[in-house]
Structure formats: C-alpha cells, structure tokens
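Chain by chain, the residues:
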Amino acid sequence: MTQRNGNSKNPLHGLWALTNRELKKWYKNPYLLFLSIIQPLIWMGLFGRAMNIGAIFTSTKIPIPTIDPPLTIPQQIQLGQAFSNFSTTIMQETFKTSDYFSYMSVGIVSFVVLFTAMFSGMSIVWDRRLGFLSKALSTPVARGSILMSKVLNSVIRSIIQAAIVLGFAFALGLTVGPDFTVFNLLGVFAAVFLIGVGLSSIFIAIAVRSTRIETQMAVMNLLNLPLLFASNALFPTNLMPDWLQPLTKINPITYVTDANRQLILYAIDMHQLAIDFLFLSAFAVIFSTIGIVLSWRYLSK
Amino acid sequence: MNGDAVVVEGLTRVFNKNLVAVDHVNFSVKEGEIFGFLGPNGAGKTTTINMLITVLKPTEGKATVCGFDILKHSSEVRNCIGVVPQEYTADEDLTGLENIILCADLYGIPREISKKRAEELLELVELTKFKDKQVQTYSGGMRRRLELACGLINRPHVFFLDEPTLGLDVQTRAATWNYIKLLKKEYGMTIFMTTHYLEEADMLCDRIAIIDYGKIVTMGTPNELKEKLGGDIMTLSIKDGNIDLSSVIEKVPRVKEVKKQDGTYRIKVEDGEETAPTILDAIRAEGHSVTRLSLTKPTLDEVYLEYTGKSLREEEESKEAVFRQRVTMRRARGGAH
C-alpha cells in the first residue's frame, strides 16, 4: 500500500535537499547575504589597512636622531635609503611579503571560514528546539546526512565568501608571489574546503547534544578569538612566545593560512605545502568521521 | 500484519534513570481506525508517539508499526509512516511548496513524483494559492494544513498526529478536523493521534485510550467509555406529582436506577435516546402525562475526569518542551512573530 518502491535509496538525495534548505535561507535573503559578504570586507579594511604595520617604518613623523656634526644632504638621503631598505627587510623577514595588507587578506580568508563554521553548530540547536530535527529523524533520511548537510552548507558558504574576500583583496592591490597562477586559486579553495569540513564538524559535534542556544554561544565565544590569535592568521607564529608555539602548531588555522599564503603570496615551498595539505586532510577526515559517529550515537536518543 | 497497524507490548521509557514517562503500556491500533491518545500534559503521550515514530528508543518493551519492529526495522517503519509533530516544523524562510518538496526529498521520492503529489496535496489542504509564499506569512491554520500535507507526501500507511490542533482557534480547529477526516477518506490510512481536547477525540476517534502517569487507565470507543460511567441521566416530571411511578419506570428495560425527588424523577438509563420513548409509553399506559423531560449524556470530560482526577497538575516539563510549546502557540495564533 505504501508506495516506497520507486523511492531512491541514494543518500545524496536527502543530503542535498537538506543542504539546499540551509543555503536557500542564505541566498534568498538579500539582507543576510549582504551582511555575510560585507563583514569580512570590513575586517579586511579595518585590520589590513588600518593596522598598517609597514607604515611604522616609513612614517616621516619619526625624527631622525640629530647627530653632531650634522649630516650633509647626500648623507641624509643615504640614511633615509638605508632606513627604508631596513624596514623592507624587516617586513620581508617577518611577514615574507612587503605589505601587511597582502599578508592580512589571506589571513582573513581563514577567519571567514572559522566564523562560518562556528555558526553551523547553531543551526542544529535551532532545529532541535523548533522540532525540525525530530521531524527529520522520523523520515528515512540517513542520520549522517542531517549533520553532513550542515557541514556542506558551511563549506559552500565559506568557499563563496573566500572567493569574494580574495576578489576584493586583488582589487585593492594584493601583491601576488612569483609562483602565482590562476590555478593556485583552486588549491586555495581546496584548502578552504578541508578546513571548513573539519571545523564545522567540530562545532556541530559540540552542538549535537546541546539544547540551549546559550551554551553554544558560550562555546563559540570561548573558542573563536583564541583559535584566531593563536595562529598565523594575523601575525607570524615564530615571533610568538615559546609557550604559545605548540598551540599554534596544532591549530588548523595555521595550516590553512600557510597553505594559502604559499599559494598566493610566497615562492612555493613544496615540502611545506605538502605538510599543510596533509595536516588539513587528516583534520577534515578525522573530525567529519567523529561528527558522523556522534550523530549516529546521539541523534536517536 | 494480522489487521493491526500498531501493536505495542510493555512499552516503557525511563528518562534520567528515574523518571518513568511511559510505563509498560499495551495497546493495539486496528487497520484503518482513528485511535486517540488522551491525557493531561506530561502523561506520556508525546513520549509514546516519539517511540513509535522511531525518534526515541524505548527503555523496555517492544512495538511494531505496519508490522515492522520499531527497533530492528526502524527504517522500514519510517518509510511507512507520516508524522505531524506538535510543533510547526515547516521552515519559515522557505515557501509552502519548497517545504513539501523538502519533505519528499527526505523520503527519497523522485522529483517528478513529488511535484505531482505536492500539487495534489496543496490542492487538498487548499493552499495552492499560497504555495509560493514564505511560510512566515502563513496563519496558524495554514501552517497546520501545510504540516498535514508534508506528513502525507510519502502516502503513509499509518499517520501520526501529535496534538494537531494545539493553540488554534475554534473555527480553525473545526476546519482542521474536517481536513483530517477528508484526508482519511481520501487516503484511507490508520491515524494515531494525541490530544487533550476532549471534544476533538469524541468527534474524530474510533477508539480512545486515556493515559496518565505513563499508564493507560482506560481504553475503548468514546461511547463505551461513557457507558462505563453508568449511562445517561434522564429527568422527567409528571403532571400529578403526588403519585409515585418509580416501580412502573423501573420495569422498563435498560433502566438502571430511578430516584424520585420533589416530584421529579432522576433515571439512570442505558442508550438514553432509545429508552426514553419506551419510558414515556409506559407512563402513558398508566394514564399519566409527562410535562417535562431532559436527557443528559455523560461527556468525555466526565470520563476523563473520572480517570485522571480533578486535581491540577504541577507538571515539571523540560525547558525545551516548554519553549517549543510556546513557539507553537505563538505561531498558531498569528502568522509572523
């Protein structure tokens, strides 16, 4: 009597339907879409342009120390030149690129992925509270699909936002490295994909049992800035204190940011790039597996 | 399948090791009937439904739905049931049609079939005009109808309705009942519903179980349950108040008890409508005439109170449940929030 014979057993069917549900909330709401695009741009403008670290060295307001006897004009020019070279060297040594804006823009990509992933955990708490989750659980849709749809949604959003951020960065004068070709961007998106899968799996796994929005918010607030600052997204890790170094080494944000900088800004160090991708892949596989296992365990109470 | 759509044996669910929400419940729902599950808030109605729709695992006992074990063959069970939860689960940001298609996708129904069915169901619940409007613009009644349509997308064999009219106004409730009856007529399925509106159960259900503190306290057709209380009450007055006709009335079949008070008779009878004329005939045969007569049938309210007691419940519900109910009520009352 029930006509279930024609129904597809393809798990992708339900997975895509659920993902599309989330995406529609985003792209059908122009206001939300606008905000989610404008937010990273504001960050880029504020951090990348306002915190113009390069300007510290080229500021004309810093008085050149007076020396007795006074320098001749050619000597002054020479000193100025030396000072300028010195500052470029410092920038180059510290950030491996001559302007902080380029360095920062790539960091913002990681930042965007991190924040998008965090919010993916929220939506499962809402689904639980509003009863959609139990409704979905009463249908034959694969339990894993319910979680993976959130992951996929967050990853797709991240990639689009990353593309927008990079597009603006290029428009505002990002200086690309010697090895840069358009194909490197595919590598960037691959890195964003991997980190997105891993991070959103973590946040969804945290949220899967939670029934309170507040708890989830607290977790997010606890993790977001530490994850961001204990990485190379905004500042090179080798200049950070020793006790912080191990933390930056296990922070996946460090690896995605490094991979992206290699691909866009630096002369590519194949060895380091391979390590980055290996780490990111392992991170994505491990945490999405944990997410799926937890969803099997906890979604049916 | 031996003719029973749902069979429940010793079903038990314990929360947090000590809160027994459902306590060794036994019942069965016959193929094609509307079975009502009645009880005060927190009696275990929703917990029972959640176990039957495979969202919650029982602590003990077993149950089959459409002949499939809810634990061992949960995915077959899910395929043959439709569920309308207490909450409004339709996505506010999507349109009515998109919501139905989403439900269809969760069942893996191919798009060409689901599109046709969605149109058909929207027609049935009279939402065709609004199908491309976002659900946040819908009224409570429209949302409820949309939920009904979503729950039917897979042509379920057993249809579970959890408090289908919670928070709706009288007109919308009546309309929702009509839709439920219509859907049942159209698709001929078995319906399992919970409610705490008694007139709703009385009107819609073929059989009713009253559950309280996790146990079924009584079960039967609405009429059986009312009969159990001892039948209808008939009061009548006779022109000549001084003559006692009690003995005459008592002789009429199906009269159970007669009391005379100040010239009026209080008579407990079975099948009041049919017995009343017989009583009148008997009185007339004695040469007397009746001046006043009234017949009161016990309502389900009385049955309900008889079994669940009159004291108010100090329920302790989870914050989550309270929140959901609040959202449901708010959405039921008026479209956008």
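Residues numbered from 1 in each chain as written. Chains lettered and ligands numbered in written order. Predicted model: local features only at pLDDT ≥ 70, side-chain atom pairs only at ≥ 80, totals over all residues.

Draft legend 1. A look at the pairing of strand β4 (residues 60-65) of chain B. Residues and elements named next belong to chain B. Relative to β4, strand β1 (residues 4-15) runs antiparallel, the two sharing five bridges. Residue Val7 lies in a different strand from β4, and its bridge partner there is Thr64. Pairing geometry for β4 and strand β5 (residues 68-69), over two bridges, is antiparallel. Its bridge partner being in β5, Val65 is matched across the sheet by Phe68. Connecting β4 to the next strand, β5, in antiparallel fashion are two residues, including Cys66 with a positive phi near 50°. (Pairing = 2+ DSSP bridges. Helix = DSSP H or I, 4+ residues; strand = E, 2+ residues; numbered from the N terminus.)

Draft legend 2. Inspection of the environment of Asn242 of chain B at higher detail. Residue and element names in this part refer to chain B. Note that Asn242 resides in the loop between β11 (232-238) and α9 (246-251). The class of Asn242 is exposed, set by 6 C-beta atoms lying within 10 Å. For Asn242 and Gly263, which are 21 residues apart along the polypeptide, the C-alpha to C-alpha distance reads 7.0 Å. (Buried ≥ 20, exposed ≤ 12 C-beta atoms within 10 Å, placed from the backbone.)

Draft legend 3. Layout of the packing of helix α3 (residues 96-106) of chain B against helix α5 (residues 140-151) of chain B. Residues and elements named next belong to chain B. It is at 9 Å that the axes of α3 and α5 come closest, and there the two elements cross at 30°. One way to sum up the angle between α3 and α5 is to call them roughly parallel. Where α3 crosses over α5, the two elements pack in a sense that is right-handed. Seen from α3, the contacting residues are Gly96, Asn99, Ile100 and Cys103; seen from α5, they are Leu146, Ala149 and Cys150. When its residues are assigned to classes, the contact of α3 with α5 shows five nonpolar, two polar and no charged. (Axes fitted to C-alpha atoms, helices over the stretch in contact; angles between N-to-C directions. Parallel < 35°, antiparallel > 145°, perpendicular 65-115°, else oblique. Left-handed = near helix turned anticlockwise from the far one by under 90°. Contact = placed C-beta atoms within 7 Å. Nonpolar A, V, L, I, M, F, W, Y, C, P; charged D, E, K, R; others polar.)

Draft legend 4. Region of the structure containing the interface of chain B and chain A. Contact residues are listed per partner, giving 33 residues for chain B and 32 residues for chain A. Of all elements in the fold, only α2 (74-80), α3 and α12 (319-333) of chain B reach the threshold of two or more residues within the side of chain B that touches chain A.

Draft legend 5. Main features of the domain arrangement of chain A. Structurally, chain A comprises domain 1 (11-51 + 97-299) and domain 2 (52-95). One C-alpha centre belongs to domain 1 of chain A, the other to domain 2 of chain A, and the line joining them spans 40 Å. (Domains from an automatic or database assignment.)

Draft legend 6. Spatial organisation of the environment of Ser110 of chain A. All names here are of chain A. Its place among the elements puts Ser110 in helix α5 (residues 100-130). Since 31 C-beta atoms lie within 10 Å of it, Ser110 is described here as buried. Note: C-alpha distance between Ser110 and Ala233 (123 residues apart in sequence) is 6.9 Å. Ignoring sequence-local partners within four residues, the contact set of Ser110 consists of Ala233, Ile253, Val256 and Thr257.

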